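# Remarks on the overall topology
One letter stands for each residue in the lines below.
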Amino acid sequence: MSAEAAATEPDRRAVERPRSDPSYLLLNNYPLTGIGDFGSELGRTFAAAGIPLAYEETRPDGRKETAQLARALRWPGTLLANVGLTAWGASGPRNFAGFAALGARIRLGRPTIAFVHNPIEVIEVATAGYRIDSLVGRGAHLATALLRGSRLVVFSPSVEEVLRSHYRLRADLVTPIPCPRAIPAATDEPAQPPVVVALGYLSPYKGHAALPGIRARVRAPAHFVVVGGPHRVLMQDPAYRAAHEALLRELRAADIDPLGRIDDPELDRLLARTAVGLMPYASTQGGSSTFSRFASAGVPVVAPRLPLFEWLASIGAGVWPVDPGPDGFADGVERLLTDRTLHRTLAERQRSFAESHDWPAFLRSLRQLA
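Residues numbered from 1 in each chain as written. Predicted model: local features only at pLDDT ≥ 70, side-chain atom pairs only at ≥ 80, totals over all residues. Heavy atoms only, no water.

A separate point is the overall build of the chain. Tallying secondary structure elements over the chain gives 14 helices and twelve strands in all. Every one of the 370 residues in the chain was classed for burial, and the buried ones make up 57%. Considering only contacts within the chain whose residues lie at least 6 apart along the sequence, 78% involve residues at least 24 apart. Only carbon and sulfur atoms are counted for the fraction: they give 52% of the accessible area of the chain, which is about 15800 Å². (Helix = DSSP H or I, 4+ residues; strand = E, 2+ residues; numbered from the N terminus. Buried < 20%, exposed > 50% of the residue type's maximum accessible area, 1.4 Å probe, protein only. Contact = heavy atoms within 4.5 Å. Areas by Shrake-Rupley, 256 points an atom, 1.4 Å probe, with all protein chains shown as cover.)

What follows is about unusual backbone geometry. Although it is not a glycine, K64 sits at a positive phi angle of roughly 65 degrees. You can see K64 is positioned in the loop between β2 (53-57) and α3 (65-74). A positive phi is found at R168, a non-glycine position, where the angle reads about 55 degrees. Take R168: it is sitting in the loop between α6 (157-167) and β6 (173-174). Classification of R168 by relative accessible area gives exposed; the value is 77%.

So, on to the packing of helix α10 (residues 289-296) against helix α13 (residues 340-356). Following both chains from N to C, one finds α10 and α13 inclined at 110 degrees, their axes separated by 7 Å at the closest point. Viewed along their axes, α10 and α13 adopt a mutual orientation that is roughly perpendicular. The handedness of the crossing between α10 and α13 comes out as left-handed. Listed contacts from α13 to F291, F294, A295 and S296 of α10 are Q350, R351, F353 and A354. (Axes fitted to C-alpha atoms, helices over the stretch in contact; angles between N-to-C directions. Parallel < 35°, antiparallel > 145°, perpendicular 65-115°, else oblique. Left-handed = near helix turned anticlockwise from the far one by under 90°.)

Attention shifts here to the nonpolar core. Within the largest apolar cluster, 32 residues are counted, with the highest numbers of intra-cluster contacts made by V197, V227, M279, F291, F294, F309 and L312. Elements supplying a minimum of two residues to this core: β7 (195-199), β8 (223-227), α9 (264-272), α10, β11 (301-304), α11 (307-314) and α13. For this core, the element with the highest residue contribution is α11, accounting for four residues. Those residues in contact with L312 that sit more than four places away from it in its chain are P176, F291, A317 and F353. Ranked by size, the runner-up nonpolar core spans 31 residues in total, among them L79, A114, L146 and A171. (Core = buried A, V, L, I, M, F, W, Y, C linked by side-chain atoms within 4.5 Å.)

Taken together, the six strands give an open sheet; going across it, the order is β2-β1-β3-β4-β5-β6, and neighbouring strands pair in parallel fashion. Looking at which strands have only one partner, the edges of the open sheet turn out to be β2 and β6. In this structure, strand β4 (residues 112-115) lies alongside strand β5 (residues 151-154), joined through three bridges in parallel fashion. Bridge pairing links I113 to R151 in β5. Where α3 meets the sheet, it contacts β1 (24-28), β2 and β3 (78-82), and its direction lies at approximately 145 degrees from that of β2. Relative to β5, α6 is tilted by about 140 degrees, and along the sheet it contacts β5 and β6. (Pairing = 2+ DSSP bridges.)

In this section: the sheet that holds strand β12 (residues 319-322). What the six strands build is an open sheet, ordered β9-β8-β7-β10-β11-β12; its pairing is parallel. Two strands close off the open sheet at either side, each with one partner strand: β9 (256-260) and β12. Taken pair by pair, the neighbouring strands of this sheet meet at an average axis angle of 25 degrees, ignoring direction. Pairing between β7 and strand β10 (residues 274-278): three bridges, direction parallel.

Spacing of three or four residues puts side chains on the same side of an α-helix, whose turn is 3.6 residues. Among all positions in α3, only E65, Q68, L69 and A72 are buried. Taken down its axis, α3 places every buried residue within 95 degrees of arc, on the same side. Along α3, the residues that are exposed and aim more than 90 degrees away from the buried face are T66, A67 and R74. Turning to α3, the residues buried within the fold contact β1, β2, β3 and α4 (92-107). (Arc of directions from axis to C-beta.)

What follows concerns the side chain of N28. By the element assignment, N28 lies in strand β1. Look at N28 and you get buried, because its relative accessible area is 0%. A polar atom in the side chain of N28 sits 3.1 Å from the backbone oxygen of G36. A polar contact of 3.0 Å, which involves the side chain of N28, links it to the side chain of Y55. Contacts of N28, omitting those with residues within four sequence positions, involve I35, G36, G39, S40, Y55, E56, E57, T58, N82 and V83. (Polar contact = N/O pair within 3.5 Å; in protein donor to acceptor, adjacent residues only side chain to side chain.)

This part is about the packing of α3 against α4. A pair of packed helices can be characterised by two numbers: the angle between their axes and the separation between those axes. Contact pair α3 / α4: the axes reach a minimum separation of 9 Å and the direction vectors enclose 15 degrees. The orientation of α3 relative to α4 falls into the category roughly parallel. Seen from above, α3 lies across α4 with right-handed handedness. In contact with E65, L69, A72, L73 and R74 of α3, α4 contributes R94, A97, G98, A101, A104 and R105.

Following this line, the structure appears as structure tokens:
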């Protein structure tokens, strides 16, 4: 399942089923986060391809960290490091220890592929949802710097530029977040009223707070739905919990249906009937598996004119960029709901984009790096 979307606990049996001694070890972020769900899908892709893969998963409370890092340090094959800056929870020392172990492995010359989703420099403090002071910032910067010498994979040109300008590092692969398997379009009549979906865990930078204002400005008939639950780590913060509950009340008052997390089959059924994907982001932090999920369903997306979405449009994705703010988003949604030709064109682009950037293609690129 895509990261950011309505994730469920992964089936670890589908992640680690080695048929012989595996050459790859995936050190994965804990699930119910964008990064962790990305790694879970990567594990399933290895399994589907019949490629043995050993698996370790971090925990937000830091349990078993020492054993995990010892295994990663000793692993003789290729280590796939899919960990974020809070992979071991809210503890700065625990997370720094994790990256220090990765750095030690790399300095020993052992093959390592690191996925860099969100270096600290691309995170906007005002919309991150958690506190980033100068000490945290310096520690996070040093943690990413410790990945020097590994093969680096990033998911947007913005992150590639940050690595180059702030770390003097070169990305070995720049690619969109891979798209899951195609979701067939619904065979019955289109949903009436048309469904507009905002997808992904509820975090300030995703702009869910703007949805009531957008909904109020859309004149065409539409059923607005929000899919996704709270961020697993951010829910430890009382201020975030209070803001989350307030947001749910505001969405319901605006006639927007917050579904929370739903499982993959239910999400597929919803997206098959969805007319417009709405991503009212205030900022973007690396790539977006939410966008990839929309693409796999052939759902055109209304998104702000931010570098990530402009790049996706430039490489063939079906995105309609708009000016940030409720007026711009509402105009974009209205346009896609009423202009059938434009909607059809963008839907076709989304499916073509998803076919070109699916998980098997991503796995082939990874194996070329190893």
